[in-house]
Amino acid sequence: MAENDPPSAQHGSIETRGYQQEMLEESLRRNIIIAMDTGSGKTHIAVLRIKHETERETRKLSWFLAPTVALCEQQYNVIKSALHVSVGQITGALAPDQWKDTNLWKAVLNTHQVMVSTPQILLDALRHGYIIMGDIGLIVFDEAHHAVNDDPYNRIMQEFYHPLPARDRSLANVMSRQRRLERPMIMGLTASPIFGGNVDKSFQSVMIETNLDCKIVSPRASRAELKKFVHRPAFRHVMYNSTDSMNFPFSTNLASLESVVEHLEIGNDPYIKSLRNQLSRLDPHTAEYRRIDQQLSKTMASQGTFTHKGLRDFVLSAREILREVGVWAADWYVAEVLQQAKKASQSSEHVMPSWQSQEKAYLLGIINQIMITPVSYNTDDIIDDQSDKVTALIECLLGEKEDAEKENERFSGLIFVQRRDVVLALTELLKHHPVTKSEFEVGSLLGASDNSQRHAFLDITRKFLKRSQDETLTDFKLGDKNLIISTAVAEEGIDVQACGCVIRWDHPPNMASWAQSRGRARKKRSTFVMMFETGSVDQGNVLKWEKLEEEMVARYMNPSRDLAMEENEHDADNEDFPPFRVESTGALLTLQSAIPHLNHFCAVMPHRGHFVYQPLYDLDPPDYPIGWHSFNNHHTSSTYAGPWASTVTLPRVLPQDLRVFRTPQIYATKVSAHRHAAFETYKVLYQKGLLNENLLPLVDEDPEIEELSKAIEKRTGMASVSLQMDPWGPDMPEEEHGGWFVSRLMVGSLPPIQMLTRRRPPLLTLADELKLYHPSLQTLDILLEPLGKLSASDDRLMEVREYTRMLFWSINGSRMKWDDTDFAYLFFNPSETSFTQWNARRAWWKHNRTDVDSTASTVRSPIDFTIPALTFGEIFHYPSDIGMVYNGSSSFKPYEFVQWKWDSLNEEEEATLLERYARFEDVQIRIPLLSQSETNHAFLLPSVLRALALNLTVDSLRTNLFTQSSILSTIPNSFLIPAMCAPVSQEPKNYQRYETLGDTVLKLVVALQLLAEYPLWPEGYLTKRKDHSVSNVMLAKENVSRELYQWIIRDRLVGKKWKPLYLSQTIPPKEQILDAPEQDKKKKKKGKHSEQLSTKVLADVVESLIGAAYVHGGLSLGYECARFFKLNLESWLPIPDRIISVLMRADMMHASFTSTSPSEEIQFPLQLSNVEKIIGYTFLRPALLLEALTHPSCQEDHGTISYERMEFLGDAVLDMIVTDYLFYATGKNGKAKEYSPGHMFLRKSATVNAHILAFVCLKLKLEVKAQMPKAYALNDNAEDQEGTSSKRKRYRGAQKIVLEEEQHTVHLFKCLLHSSTRILDDQDLTYKRFLKFEAEIIRELEKNERPIFPWAALTRIQAPKFFSDMIESILGAVYLDSEGNMDVVREVMLSLGLYQILERIVKEDLDVLHPVSRLSMWAATQTVTDPDADPEAIHKKIKYDFKKEKGRISCAVLVDGVELEGSMVDDVYGGKATQEEVRLAAAERAIQILRLRDVGVEYESLKKKRKPKAKKQKEGKTSTEAPKFDDVDR
């Protein structure tokens, strides 16, 4: 419905006419269908009604339904502009995922009060339980006359409205704050409530009044006012002479077309040949044979192939144009269609993507036989060859235009034509007709879908239109076009402005069409013209419709209907067959919805590219006798009328017991049989857990993960967590004021010292391998032995604190406060022999310092433990056991003591020394009273404390998270520490390598759990569920729930900034609490003991722990660690148990198949034994290999599903083996590579990508010997045979038979079990490309000097995915058959040659960086120097410029928008694979031009240079491996 609403409504204000108010008040009292002419403002009444409903029913929705997307968009804009509540719109165009998006419907219910949609959207939502009919307070049906039969309007009412209790009329106008489960109010809008032209039926129970539970009404009291605003057009008619059948016009081009089409043989069609070929390879006893046989018979009977049907339709269209428009139009149409078809049929063109190559070739051969005469645009030729109907039309148009201009009005006309082809021909003729081309600007509207996948020959005519529908309508509104020729698309649903003249080229098919098209002529002075053939009955139909309209208006204007209608109200009867309802959600499955639901279930499964998943329906009995297509006489004397049975077969990705369902032979129609089969099938799928509670496939996001994702998105990838746990604070809150734990600390060969801590220390032995590196002392082992506990009130603590201060101050005093001795850890010497002499020296200095040193004071200060060097030498006889000295500055910068200098300085040395100390008034070299061992301790303590802190942290993790009883507590600290160190900690080893390994372990473990837990799930379900479980969101959630974040080590040791920790700085245990993301529902001020941490870090640490567990205890311990985090999986079982479970299921499936097999012994396909020989492994369970080789298209029933589930497992197994190898990889010299995660990723990508796996698959083959008999002449003897067998010739006389050996090559890829001709074609073409590039690929892989991974050559093979799928599925089968033995899988990888590629990548350091990545990384290192460049463009930008011309595609590399000279590559276009190929080749060429490999630009340097240039490093760092004494001159 498109109508001119009052201007006030369009601008948001609510001003109502009297008749509109009358209808509004009537709609508040009861359900009504408003029947008023187009242009009377029905939408305005609906807006007012919706406004009232939103104010009365605050908890319910108002829903506006319109039959088309265009009309929805138009009415949405009107409603949204008029109301101040939230208005939403959902159509198939805007939300194609409405089937499966639960959150979309939640958003609808929570955030909108008014919705506008097409009816199918609402029907689907109701059926899936996303919307409850009781949640809707008002439904408005625009174009309500559609509510008949199986239209979605009627289905909504029958399935969901009528079953609800009737609305309590006493509460009709009562504002409600509570939801009442009752029928919504209904309002219908229509200009023609008669559907089909029968008044009686329209007012009976089968039509719209009962269907919509409404009464048809029209204004009574305000009818006079209505007439002021509704302008009925003046009705006129134009007569024309019919085409003389005895003197039918002759079209040369049409005659040539007909001559060729009449002699076509259906048997030559490539589709028929394809079906016959498929049939010849099938077992006649299989369901697939019967299915193909029926398809072949049906196609031959209907001649319904793409080419034959298309050409027949083409002939019929041209004949209709010849009869209706004339010879010139027919000649033009035939010539234009053939020209477009030729273009589309060229092998290098992709004008119509859905046309198959064989169809194009066959069609092109036919088209080339048709002799076409070019069309003349000469004025006389056009006029002479036009029909009488065109002549009458032109006269009418000119007359209407003249009348409009006499009234000073601009002419605007709309011609309705029934056929699309006639629209095109008539438009072309009027554009070039000498009389009309200067008078009218002509446009056309067809309203056809622009779906490129449509598959009909005449779809080529879509290319005729130069302007889109929206552009044409805009031109019409702006006056750029004044005449539109349209199909019925403009009758309703398109906002076409009011026209002054509407002409019906054809008579309307029904009264509704007549009324709708008439409504387009609604200017105050307008005409509605009907064209009638002389002597036809069409004029009588119009008179009948006018009479029917008068009768219809009289009936719904009759007041006596009110009472009768109220008396006869009753609930509509439900259909006899009860629907299936899910009580928890209200989701509904009906017979009418079962087939669409089942189609959707199959369609959303992952698409493999060579096979479309869809249910197959087979009738019993079939439509045609088996073999009917081969009968000589195709005539069938009798037609079977039922009953029928239906068998539905689902894709092979499902197990056998869920694939085939059959109904009994009891249904009266074929459609009914199919619907019941689909209904029972879908119900079983729900019962088996393959559908959710909304009766949808399990493809929705996990609600828990979805909620967590939203919470994390609000924080842009950050979560607020507590600070890193403090390893030096007390273990428990009650110990906060307790004593000190005493331990003996031993660092290498240095004398032991004692250490005091508030936290219980661990026992560290040589087995813990805690080491430091000292430049002169070399490698130092750190040992810690707990001794006991010291009371917090012990008198010795003051002395211990002073000793600790002396050690720390000697190196780090500039960052300390002398008076603060409240250290979190304390040290003292045990007064052993090594410290006795220095203790005596310190005692002497303490007693005599004020007498000897004039700078000393009575107040203790830092100078107390240093003595002037001269005094020290004189008193203690210049000893050599000094650790360090301070220069004369106030900073007390320490230097290593070398020796006492006794010789006098020469002049040069004296000058240098004076210059150096010139800025100091009083230079005094001082010596700290520390022994050499104490000095070493002072230097090493920051690194020792760091090492101890790391160990204390992971000890706390082990104790508090894993507990001592857990097997995970056995993971040593040497693995846990790097697993918990974030990169920001700058430790030599962080979690990144473990995280990479753990990620792979996790995916394998979860894949096995899901594979066994859900034996009925197809691969798509498993992948979706696995992705949920291993997602960063889920891992971060598990981290947060266990408070693992507090043990993530993210602080770092910086030598120049290090200072000791004080007790006042330690975090009490009670404050180490998470400010969790999911709890942060209100804005809170950031706590002083919390920080922001990336959710990726939270997830990475979980994976790194799993990686550490794997490194320590293999896959079994990796499983235990993954199980510890649960990951939202319902149950966990050990890997061996899961494997046995899967194997038992496989054995049961195969046993079930063998028990139903007619033969006693099952014969496996010969391919299995050949594959076993190729891969070097014999299966204990051949059914696993059979499954691994079965493509989804395979129709032979071997008792297995297709290979997707096996490929799902094989992918994880392959990743695990490759990642494990890379993690432990060593070079030629046996030294560990210790690849970074980036390098591991690059090498893994090179090994497991689809290109290299396909190459391996294509390369593998087996030579099989066979004996074949050959006939030779009798005079040949054994001696002759030995040397001359190759030259022998066949002899037609007496012969002898000799058995000779022959070699047959069995290729692995040909062992795939399938039933697809497309796969056969792709196998052949791919293998030819493989042979072309095989030598180049092998040469690159085996090259010794600077070997480069052959990305470009591998891509040129353009192998479809099923080649790589075969390798992964075979590996998955081997893993299961060997009961999880990874060594067996490695051996098979060796047989495949895949493991050797991996080894060579590592041993020979193959350059594996992808060319596109290399070019992008190079660009990121290049700084833009152009002063005119974008100031935000810091680095160069790489783009790939694609051009498609004449069936070829080219690609050039653009650097900052400028083409890199010499980088362009072109090739014959063959789809997306070719586009990727030329992009890769262009990148390779650019790399050569820029000499990126020649200058040694490799991954590591590129990666490092991507970061902005860093400021000069001012801070050093000290690590547990190599402490650096940055402040010390050595």
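Residues numbered from 1 in each chain as written. Predicted model: local features only at pLDDT ≥ 70, side-chain atom pairs only at ≥ 80, totals over all residues. Heavy atoms only, no water.

**Here we look at the overall build of the chain**
Argument step 1. In terms of regular secondary structure, the chain is built from 51 helices and 35 strands.
Argument step 2. Taken across its 1530 residues, the chain has 55% of its residues classed as buried. (Helix = DSSP H or I, 4+ residues; strand = E, 2+ residues; numbered from the N terminus. Buried < 20%, exposed > 50% of the residue type's maximum accessible area, 1.4 Å probe, protein only.)

**Considering unusual backbone geometry**
Argument step 1. For the bond running from Asp-620 to Pro-621, omega is 0°, close enough to zero to count as cis.
Argument step 2. Even without glycine at this site, Gln-303 takes up a positive phi of about 55°.

**What to know about the sheet that holds strand E23 (residues 778-790)**
Argument step 1. Spatially, five strands are ordered E22-E23-E20-E21-E24 in an open sheet, and the strand pairing comes out antiparallel. Every other strand in the sheet has two partners, leaving strand E22 (771-774) and strand E24 (825-828) as the edge strands with one partner each. Strand-to-strand twist in this sheet, taken as the mean axis angle between neighbours without regard to direction, amounts to 35°.
Argument step 2. Relative to E23, strand E20 (residues 740-747) is paired through eight bridges, and the arrangement is antiparallel. Bridged to Leu-745 within E23 is Leu-784.
Argument step 3. Sheet contacts for helix H27 (residues 797-812): E20, strand E21 (753-757), E23 and E24; angle to E24, the most-contacted strand, approximately 90°. (Pairing = 2+ DSSP bridges. Axes fitted to C-alpha atoms, helices over the stretch in contact; angles between N-to-C directions. Contact = heavy atoms within 4.5 Å.)

**Here we look at helix H41 (residues 1237-1248)**
Argument step 1. The first and last C-alpha atoms of H41 sit 16 Å apart over 12 residues, in line with the 16 Å expected at 1.5 Å per residue.
Argument step 2. Buried within H41 are the following residues: Gly-1238, His-1239, Met-1240, Leu-1242, Arg-1243, Lys-1244, Ala-1246, Thr-1247 and Val-1248. (Expected span 1.5 Å × (residues − 1).)

**Points about the packing of helix H33 (residues 992-1013) against H41**
Argument step 1. The interhelical angle for the contact between H33 and H41, taken along N-to-C directions, is 35°, at an axis separation of 9 Å. Contacts from Gln-992, Arg-993, Thr-996 and Thr-1000 of H33 reach H41 at Pro-1237, Met-1240 and Lys-1244.
Argument step 2. Classifying every residue of the contact of H33 with H41 by side-chain character gives two nonpolar, three polar and two charged. (Nonpolar A, V, L, I, M, F, W, Y, C, P; charged D, E, K, R; others polar.)

**Description of the side chain of Glu-53**
Argument step 1. Locating Glu-53 in the fold gives a position in helix H3 (residues 42-56).
Argument step 2. For Glu-53, a relative accessible area of 1% corresponds to the buried category.
Argument step 3. Separated by 2.7 Å, the side chains of Glu-53 and Arg-49 make a polar contact.
Argument step 4. If we skip the residues at most four places from it in the chain, Glu-53 touches Ser-62, Gly-137 and Leu-138. (Polar contact = N/O pair within 3.5 Å; in protein donor to acceptor, adjacent residues only side chain to side chain.)

**Here we look at the confidence of the model for the chain**
Argument step 1. Summary statistics for the chain give a mean pLDDT of 79 and a share of 78% for residues scoring 70 or more.
Argument step 2. At the low end of the mean pLDDT range in the chain sits helix H1 (residues 7-10), at 40; at the high end sits helix H47 (residues 1382-1392), at 95.
Argument step 3. Low pLDDT, under 50, characterises residues 1070-1087; the predicted model gives this stretch 25 contacts beyond four residues in sequence or across chains.
Argument step 4. Taken as a whole, residues 1505-1530 scores under 50 in pLDDT and shows 66 contacts with residues more than four places along the chain or in a different chain. (pLDDT = per-residue confidence, 0-100.)

**Some thoughts on the nonpolar core**
Argument step 1. By size, the foremost hydrophobic cluster in this structure holds 200 residues, and its most contacted members are Phe-601, Met-980, Leu-1044, Leu-1105, Ile-1175, Phe-1349 and Tyr-1375.
Argument step 2. Looking at this core element by element, the count peaks at 17 residues for helix H36 (residues 1095-1125).
Argument step 3. Each residue touching Leu-1105, except ones within four places of it in the same chain, is listed here: Leu-957, Phe-962, Leu-976, Ala-979, Met-980, Leu-1044, Cys-1121 and Phe-1125.
Argument step 4. Ranked by size, the runner-up nonpolar core spans 63 residues in total, among them Trp-332, Ala-335, Ala-392 and Phe-440. (Core = buried A, V, L, I, M, F, W, Y, C linked by side-chain atoms within 4.5 Å.)

**Thoughts on the packing of aromatic side chains**
Argument step 1. For the structure shown, the criterion picks out 40 aromatic pairs.
Argument step 2. With a centroid separation of 3.8 Å and an interplanar angle of 10°, the aromatic rings of Tyr-1014 and Trp-1017 are classed as stacked. Across the pair, Trp-1017 and Tyr-1014 agree in class, each one buried.
Argument step 3. With a centroid separation of 5.6 Å and 25° between ring planes, the pair formed by Tyr-1327 and Phe-1330 is classed as stacked. Within this pair, Tyr-1327 and its partner Phe-1330 are both found in helix H44 (residues 1317-1342), separated by three residues, close to a single helical turn.
Argument step 4. Take Tyr-1327: its relative accessible area is 18%, and that puts it in the buried class. (Phe/Tyr/Trp six-rings, centres within 6.5 Å; stacked < 30°, edge-to-face > 60°.)

**Observations concerning the environment of His-1112**
Argument step 1. Mapping His-1112 onto the fold places it in helix H36.
Argument step 2. By relative accessible area, His-1112 is classed as partly exposed at 35%.
Argument step 3. Taking the C-alpha atoms as reference, His-1112 lies 9.9 Å from Leu-976; in sequence the two are 136 residues apart.
Argument step 4. Setting aside its immediate chain neighbours within four residues, His-1112 contacts Thr-970, Ile-971, Pro-972, Phe-975 and Leu-1117.
Argument step 5. Only 3.2 Å separates the side chain of His-1112 from the backbone oxygen of Thr-970, close enough to count as a polar contact.

**Structural notes on the packing of helix H12 (residues 270-280) against helix H13 (residues 287-302)**
Argument step 1. The geometry of H12 relative to H13 is characterised by a closest axis approach of 10 Å and an angle of 155° between their N-to-C directions. When the axes of H12 and H13 are compared, the pair comes out roughly antiparallel. When the axes of H12 and H13 are compared, the crossing they make is left-handed. Facing H12, whose interface residues are Tyr-271, Ile-272, Leu-275, Arg-276, Gln-278 and Leu-279, H13 presents Tyr-289, Ile-292, Asp-293, Gln-295, Leu-296, Thr-299 and Met-300. (Parallel < 35°, antiparallel > 145°, perpendicular 65-115°, else oblique. Left-handed = near helix turned anticlockwise from the far one by under 90°.)

**Let's talk about the pattern of salt bridges**
Argument step 1. If you walk through the whole model with that rule in mind, you get 55 salt bridges.
Argument step 2. We note a salt bridge from Arg-236 to Asp-403, for which the minimum N-O separation is 3.7 Å. With a gap of 167 residues between them, Arg-236 in strand E8 (residues 234-240) and Asp-403 in helix H18 (residues 388-406) connect regions that are remote in the sequence.
Argument step 3. Look at Arg-236 and you get partly exposed, because its relative accessible area is 31%.
Argument step 4. For Lys-389, the salt bridge is made with Asp-506, and the minimal N-O distance between the two is 3.9 Å. Note that Lys-389 is positioned in helix H18 and Asp-506 in the loop between strand E12 (501-504) and helix H21 (511-519), a separation of 117 residues in sequence. When sorted by exposure, Lys-389 lands in the same class as Asp-506, which is buried.
Argument step 5. Connected through shared salt-bridge partners, Arg-127, Asp-150, Arg-155, Glu-159 and Arg-675 make up one network. (Salt bridge = Lys/Arg side-chain N within 4 Å of Asp/Glu carboxyl O.)

**Let's talk about a positive patch on the surface**
Argument step 1. Among the surface-exposed residues, Lys-343, Lys-431, Lys-463 and Lys-466 lie close enough to one another that they form a single positively charged patch.
Argument step 2. Along the chain, Lys-343 turns up in helix H15 (residues 327-345).
Argument step 3. A residue is classified by how much of its surface remains accessible, and Lys-343, at 45% relative accessible area, is partly exposed. (Patch = residues over 30% accessible without salt bridge, like charges linked within 9 Å, V, L, I, M, F, W, Y side chains within 5 Å. Areas by Shrake-Rupley, 256 points an atom, 1.4 Å probe, with all protein chains shown as cover. Lys, Arg positive; Asp, Glu negative; His and termini not counted. Charge placed at Lys NZ, Arg CZ, Asp CG, Glu CD.)

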